[in-house]
Amino acid sequence: MNIEIKDTLTLDDDKSYVVVSKVNYQNNTYLYLIEAENNDDVKILKLETNNKLTEFDNPELIKELLPLFLKESAKYIDFD
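The shown structure was predicted, so the numbers you read here are calculated from the model rather than taken from an experiment.

Cut-offs and rules
Residues numbered from 1 in each chain as written. Predicted model: local features only at pLDDT ≥ 70, side-chain atom pairs only at ≥ 80, totals over all residues. Heavy atoms only, no water. Helix = DSSP H or I, 4+ residues; strand = E, 2+ residues; numbered from the N terminus. Buried < 20%, exposed > 50% of the residue type's maximum accessible area, 1.4 Å probe, protein only. Contact = heavy atoms within 4.5 Å. Phe/Tyr/Trp six-rings, centres within 6.5 Å; stacked < 30°, edge-to-face > 60°. Pairing = 2+ DSSP bridges. Axes fitted to C-alpha atoms, helices over the stretch in contact; angles between N-to-C directions. 1 Å grid on protein atoms, 1.4 Å probe; cavity = no way out; pocket = protein on both sides within 12 Å on 5 of 7 lines; lining within 4 Å. Points joined across faces, edges and corners; volume = space filled by probe spheres on them. Nonpolar A, V, L, I, M, F, W, Y, C, P; charged D, E, K, R; others polar. Salt bridge = Lys/Arg side-chain N within 4 Å of Asp/Glu carboxyl O.

Quick notes on the side chain of glutamate 72
Moving on, step 1. Summarising the element assignment, glutamate 72 is placed in helix 1 (residues 59-74).
Moving on, step 2. Using a relative accessible area of 19% as the deciding quantity, one classes glutamate 72 as buried.
Moving on, step 3. Ignoring anything within four residues of it in the chain, the contact list for glutamate 72 reads Ile5, Ser21, Lys22 and Val23.

Spelled out as structure tokens, the structure:
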């Protein structure tokens, strides 16, 4: 499974999420997702080697990832 920015995923909660950003950090791939119907519902997930998406609760890691997500997603914004 190849997950890219702008892809829509349906997670175990049966909600659809849009991949807003994707980064590789310390040999792991992380995804920043926003629910399609509720932009307040945000998830940061780790893409495991078996293509399983897992949630995690590590505020320090999230703090490291957020600027990387922003930098990556900025490449897809058309400022013209």
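Now that the structure is up, let's keep going.
Some words on the packing of aromatic side chains
Moving on, step 1. Within this structure, the stated rule accounts for two aromatic pairs.
Moving on, step 2. Their ring planes at 55 degrees and their centres at 5.4 Å tell us that tyrosine 32 and phenylalanine 69 sit as a pair that is tilted. Linking tyrosine 32 in strand 3 (residues 28-35) with phenylalanine 69 in helix 1, this pair joins segments that are 37 residues apart in sequence.
Moving on, step 3. Given the relative accessible area of 3%, phenylalanine 69 is considered buried.

Here we look at the sheet that holds strand 2 (residues 16-25)
Moving on, step 1. Reading across the sheet, the five strands line up as 1-2-3-4-5 and stay open at both edges, with antiparallel pairing between neighbours. A single partner strand is all that each edge strand has here, and the edge strands are strand 1 (8-10) and strand 5 (53-55). With strand direction ignored, the average angle separating the axes of adjacent strands in the sheet is 45 degrees.

Some thoughts on the environment of isoleucine 62
Moving on, step 1. For isoleucine 62, the location among the structural elements is in helix 1.
Moving on, step 2. Accessibility expressed as a relative area gives 23% for isoleucine 62, which makes it partly exposed.
Moving on, step 3. Sequence spacing of isoleucine 62 and tyrosine 30 is 32 residues, and the spatial spacing of their C-alpha atoms is 9.9 Å.
Moving on, step 4. Leave out the neighbours within four places in its chain, and isoleucine 62 touches Ile44 and Phe56.

Brief notes about the layout of surface pockets
Moving on, step 1. Reported here for the largest pocket is a volume of approximately 260 Å³.
Moving on, step 2. Along the wall of the largest pocket there are twelve residues; nearest its centre are Thr10, Leu11, Asp12, Leu45 and Leu53.
Moving on, step 3. Looking at the lining of the largest pocket, the elements with two or more residues in it are strand 1, strand 4 (42-47) and strand 5.
Moving on, step 4. Of the residues forming the lining of the largest pocket, the biggest block, three residues, is contributed by strand 5.
Moving on, step 5. Across the lining of the largest pocket, the residue classes break down as five nonpolar, two polar and five charged.

A closer look at the pattern of salt bridges
Moving on, step 1. One pass over the structure, following the stated rule, counts four salt bridges.
Moving on, step 2. When the shortest N-O distance is used, the salt bridge between glutamate 4 and lysine 22 registers 3.6 Å. Taken together, the residues span a long stretch of sequence, with glutamate 4 in the segment before strand 1 and lysine 22 in strand 2 at a distance of 18 residues.
Moving on, step 3. For lysine 22, a relative accessible area of 21% corresponds to the partly exposed category.
Moving on, step 4. One salt bridge connects glutamate 55 with lysine 43, and the closest N-O pair in it is separated by 3.8 Å. Of this pair, glutamate 55 sits in strand 5 while lysine 43 is found in strand 4, placing the two residues twelve residues apart along the sequence.
Moving on, step 5. For glutamate 55, a relative accessible area of 60% translates into the label exposed.

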